[in-house]
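Letter by letter, the chains look like this.
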Amino acid sequence: ARSNTALGKALLSLLSRGGLDEEAWEDVEDTLLASDLGVEATTELVESLRSKVKVEGATDEATVRGWLREDLLALVDPSMDRSIASSRVAGRPAVVLVVGVNGTGKTTTVGKLARVLVAQDKDVVLGAADTFRAAAADQLETWGGRVGVPTIRSDRDGADPASVAFDAVKAGAEMEADVVLIDTAGRLHNKVGLMDELGKVKRVIEKQSPIDEVLLVLDATTGQNGLRQAEVFGEAVDVTGIVLTKMDGTAKGGIVVSVQRKLGVPVKLVGLGEGPDDLAPFDAEAFVDALID
Amino acid sequence: MFASLSDRLTATFKNLRHKGRLTESDINATIRDIRLALLDADVALPVVKQFTSAIRERALGAEVSQALNPAQQVVKIVNEELVAILGGQTRSLQLAKNPPTVIMLAGLQGSGKTTLAGKLGKWLKDQGHTPLLVAADLQRPNAVTQLEVVGERAGVPVYAPERGNMGGHDAVLESGEGTRSFGDPVAVSRQGIEQARARQHDVVIVDTAGRLAVDANLMQQAADIRAAISPDEVLFVIDAMIGQAAVETAQAFQEGVDFTGVVLSKLDGDARGGAALSVASITGRPIMFSSIGESVKDFEVFHPDRMASRILDMGDVLTLIEQA
Ligand SMILES: Nc1nc2c(ncn2[C@@H]2O[C@H](COP(=O)(O)OP(=O)(O)OP(=O)(O)O)[C@@H](O)[C@H]2O)c(=O)[nH]1
Ligand SMILES: Nc1nc2c(ncn2[C@@H]2O[C@H](COP(=O)(O)OP(=O)(O)OP(=O)(O)O)[C@@H](O)[C@H]2O)c(=O)[nH]1
Ligand SMILES: [Mg+2]
Ligand SMILES: [Mg+2]
């Protein structure tokens, strides 16, 4: 059944011609590009596969597919620590900051993550540090209500996001919560003023408490721009993990392969829908299998 | 990695000084560069293939030009083809003969629909229209409140008979997975049109929930809304940062709601926006507007020529060609 896939077909025709068919190699390349892996990562993977086929002289599709899978898995690195900092540290709550460009699913992820943590019997506090987008705090508060945790917010549109974040961390400490999850406004990474504002949110929180986790939320449909997003957010706030949302659609989210490599931090969670239980730990093998299926 | 197509082509043709008819090998090398540049710009693969094969054909038959070297000749052809696809059918909003004009918005989650409702409302209001926004996303937490705030910022009234998904405790599905509407978005849409007629609004803009291409139920809901309100325009809102998923998504929305025009959002980012080419060439629907920021005024009519040079980052090559 395997060889019914585009990749399977490409590999078969490639092998039947002794690995010398340029067009078939382009087809292999195409199956990777179609997952948003990008030209650079794809070229590397195909080069490596080419030299293996040449040196080791493979004859069957399963072997070659296995090599590709191995290479991809090595890139995604199943050995990375993908746990989320969510327990009290040195007598204070863990602080998690959630960042990303507009509309990727930050607020939803905060809500779902709170749900997961509540199910683990943790006391969670949400901080609505998106004071810009229309009704962002209401949206987060609804999520808080949905999963049964308090939301610290400002009543005022356009309040200083850093001071709301500060208040949330402070409230979390006073309530002796296990973890404070802070939602921030979506911002495009090429907007210097907004990135500076995010840096300020981080610094102001740190006056109160260290930040234990910074999650960058990427939308699985994002193309090559995802790498730029990661670079710039990484510089601004020391990202410690990636959340890949909207994986319930057809998009494969291949860009995170390059993102992980660039930032050296793992994808930790995947979003699988709009409901409170639609969040799962990232599974490297399943992710790779979906890429080459 | 080369920064731009210009750099790539310059590298490819470094040793080529001759002018005249393009040889097949000139073209092959250039086509490969263009393929990679298009893929880097997130143009979807099937569209890249179609596009490069059209370029190859035109380039092989290209006129001998004394003024341009082979690379420049190909770039000129590429630019012309890009502008032709992107701007082939540029047009403005279709207004109804008997008001109200009904505009429905549709797209993936988070693509920028609700924000666009405010922008479009303000833009129409500034032209002397009397738009009404209708809150038919009853699913995303506080989508209705968001539209109300957006309407206030735009100075445009909002019709919101249902509060949608808010308040929390009752909002969890039994399974905890997926989501649902609180109230009937089809009925709200229909009532919105009636309201506009009664209050003499000449344009109605219906905001709908985000939905995935593969979500058959939600796609049917969108189709039902369309059937209930017979819109004059259905605008498909797509994020300029989208990658290879653009084709499937556009096709699903074309089948699901048969949109009449496209709005490209978040163009204030630095994504190359290859999706513009993918969607235009796959669906044949015109790209009508660009959304270029978060506030209600960040909105403009789409410019195909600017988009063409953005996708391929061909700025300096084009300048050279113009000077030749
Ligand atoms: N299908 C699906 N939809 C999702 C997922 N995560 C979030 N969404 C939806 O995507 C849209 C945007 O989500 P938000 O959580 O508001 O995104 P955000 O990053 O907070 O947006 P801004 O604050 O405006 O930047 C909403 O309609 C969510 O319901 C997911 O994993 N799958
Ligand atoms: N920078 C920028 N942000 C935008 C643009 N259009 C929308 N946004 C932002 O993108 C996010 C999502 O926009 P929405 O209008 O809520 O998107 P939507 O399609 O209604 O989302 P759902 O209803 O959840 O499916 C918000 O943070 C908006 O402020 C744009 O052109 N540029
Ligand atoms: Mg948000
Ligand atoms: Mg919306």
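Residues numbered from 1 in each chain as written. Chains lettered and ligands numbered in written order. Predicted model: local features only at pLDDT ≥ 70, side-chain atom pairs only at ≥ 80, totals over all residues. Heavy atoms only, no water.

Caption draft 1: A look at the overall build of chain B. When helices and strands are counted, chain B shows twelve helices and eight strands. Here chain B holds 324 residues, and the buried ones make up 58% of them. When the accessible surface of chain B is split by element, carbon and sulfur atoms take 48% of a total near 12,800 Å². (Helix = DSSP H or I, 4+ residues; strand = E, 2+ residues; numbered from the N terminus. Buried < 20%, exposed > 50% of the residue type's maximum accessible area, 1.4 Å probe, protein only. Areas by Shrake-Rupley, 256 points an atom, 1.4 Å probe, with all protein chains shown as cover.)

Caption draft 2: How the structure looks around the overall build of chain A. When helices and strands are tallied, chain A shows eleven helices and eight strands. Across its three principal axes, chain A shows a C-alpha extent of roughly 70 × 40 × 30 Å. Burial statistics for chain A: of 293 residues in total, 60% are counted as buried. The long-range share in chain A, meaning contacts at least 24 apart out of those at least 6 apart in sequence, stands at 75%. Entry remark: accessible area of chain A is about 11,000 Å², with carbon and sulfur atoms responsible for 49%. (Contact = heavy atoms within 4.5 Å.)

Caption draft 3: Spatial organisation of the interface of chain B and chain A. Facing the 50 residues of chain B at the interface are 47 residues of chain A. Both faces combined, the contact of chain B with chain A buries some 4,100 Å², and carbon together with sulfur accounts for 52% of it. Summed over the three residues of chain B that lose the most area to chain A, namely Met 241, Asp 270 and Glu 294 of chain B, the buried surface amounts to 15% of that side. For the pair chain B and chain A, the interface holds eight salt bridges. In this structure, Glu 26 of chain A and Arg 32 of chain B form a salt bridge, with 4.0 Å as the shortest nitrogen-oxygen distance. At the surface where chain B touches chain A, the tally comes to 21 residue pairs in polar contact (both at pLDDT 80 or more). Those elements that place two or more of their residues in the side of chain B that touches chain A are α2 (24–40), α3 (45–60) and α6 (143–154) of chain B. Looking at the side of chain B that touches chain A residue by residue, the classes come out as 18 nonpolar, 19 polar and 13 charged. (Buried area = accessible area lost by both parts, 1.4 Å probe. Salt bridge = Lys/Arg side-chain N within 4 Å of Asp/Glu carboxyl O. Polar contact = N/O pair within 3.5 Å; in protein donor to acceptor, adjacent residues only side chain to side chain. Nonpolar A, V, L, I, M, F, W, Y, C, P; charged D, E, K, R; others polar.)

Caption draft 4: Spotlight on α3 of chain B. Residue and element names in this part refer to chain B. Across its 16 residues, α3 extends 22 Å between first and last C-alpha, which sits within 8% of the 22 Å expected from 1.5 Å per residue. All of the buried residues in α3 are Leu 45, Val 47, Val 48, Phe 51, Thr 52, Ile 55 and Ala 59. Taken down its axis, α3 places every buried residue within 145° of arc, on the same side. (Expected span 1.5 Å × (residues − 1). Arc of directions from axis to C-beta.)

Caption draft 5: Just the sheet that holds strand β4 (residues 203–208) of chain B, in detail. Residue and element names in this part refer to chain B. The eight strands are arranged β3-β2-β4-β1-β5-β6-β7-β8 in an open sheet whose pairing can be described as mixed. What marks the edges here is a single partner per strand, and that holds for β3 (158–159) and β8 (299–301). The sheet contact formed by strand β2 (residues 131–136) and β3 spans two bridges and is parallel. Bridge pairing links Leu 133 to Val 158 in β3. The sheet contacts of helix α7 (residues 185–198) involve β1 (101–107), β2, β3 and β4, and relative to β2 the element is tilted by about 165°. (Pairing = 2+ DSSP bridges. Axes fitted to C-alpha atoms, helices over the stretch in contact; angles between N-to-C directions.)

Caption draft 6: Geometry of the confidence of the model for chain B. For chain B, per-residue confidence averages 88 on the pLDDT scale, and 85% of positions sit at 70 or higher. Model confidence for the complex: the whole-complex pTM is 0.95, and ipTM, which rates the interface, is 0.95. (pLDDT = per-residue confidence, 0-100.)

Caption draft 7: Structural context of the site of ligand 2. Surrounding ligand 2, one finds 23 residues, the nearest of these being Gly 112, Lys 113, Thr 114, Thr 115 and Arg 140 of chain B. Ligand 2 sits at the junction of chains A and B, each of which supplies nearby residues. A distance of 2.6 Å separates an oxygen atom of ligand 2 from a polar side-chain atom of Lys 113 of chain B. Measuring from a nitrogen atom of ligand 2, one finds a side-chain N or O atom of Asp 268 of chain B at 2.8 Å. It is helix α5 (residues 113–126) of chain B that contributes the most residues to the shell around ligand 2, four residues altogether. Residue classes in the shell around ligand 2 are distributed as three nonpolar, twelve polar and eight charged. (Near = heavy atom within 4 Å.)

Caption draft 8: Examining the site of ligand 1 more closely. Contacts to ligand 1 come from 23 residues, most closely from Lys 106, Thr 107, Thr 108, Arg 133 and Glu 274 of chain A. More than a single chain frames ligand 1: its nearby residues are located in chains A and B. Residue Gly 105 of chain A places a main-chain N or O atom 2.8 Å away from an oxygen atom belonging to ligand 1. Here a nitrogen atom of ligand 1 sits 3.2 Å away from a polar atom, N or O, in the main chain of Gly 273 of chain A. Calculation on ligand 1 without its partners gives an accessible area of 660 Å², and the protein chains cover 97% of this total. When residues of the shell around ligand 1 are assigned to their parent elements, the largest contribution, four residues, is made by helix α5 (residues 106–119) of chain A. For the shell around ligand 1, the residue count by class is three nonpolar, twelve polar and eight charged.

Caption draft 9: Spatial organisation of the environment of Gly 103 of chain A. Here Gly 103 of chain A shows up in the loop between β1 (94–99) and α5. Residue classification places Gly 103 of chain A among the partly exposed positions, given a relative accessible area of 24%. For the pair formed by Gly 103 of chain A and Ala 185 of chain A, sequence separation is 82 residues and the distance between their alpha carbons is 9.3 Å. Filtering out sequence-adjacent residues up to four positions away, Gly 103 of chain A remains in contact with Asp 219 and Lys 246 of chain A together with Gln 109, Gly 110 and Lys 266 of chain B.

Caption draft 10: Spatial organisation of the pattern of salt bridges. Residues and elements named next belong to chain A. Here the structure, examined in full by the defined rule, presents 36 salt bridges over all chains. With its nearest N and O atoms 2.8 Å apart, the salt bridge here joins Arg 153 to Glu 141. Of this pair, Arg 153 sits in the loop between β3 (151–152) and α7 (161–174) while Glu 141 is found in helix α6 (residues 136–147), placing the two residues twelve residues apart along the sequence. We classify Arg 153 as partly exposed; its relative accessible area is 26%.

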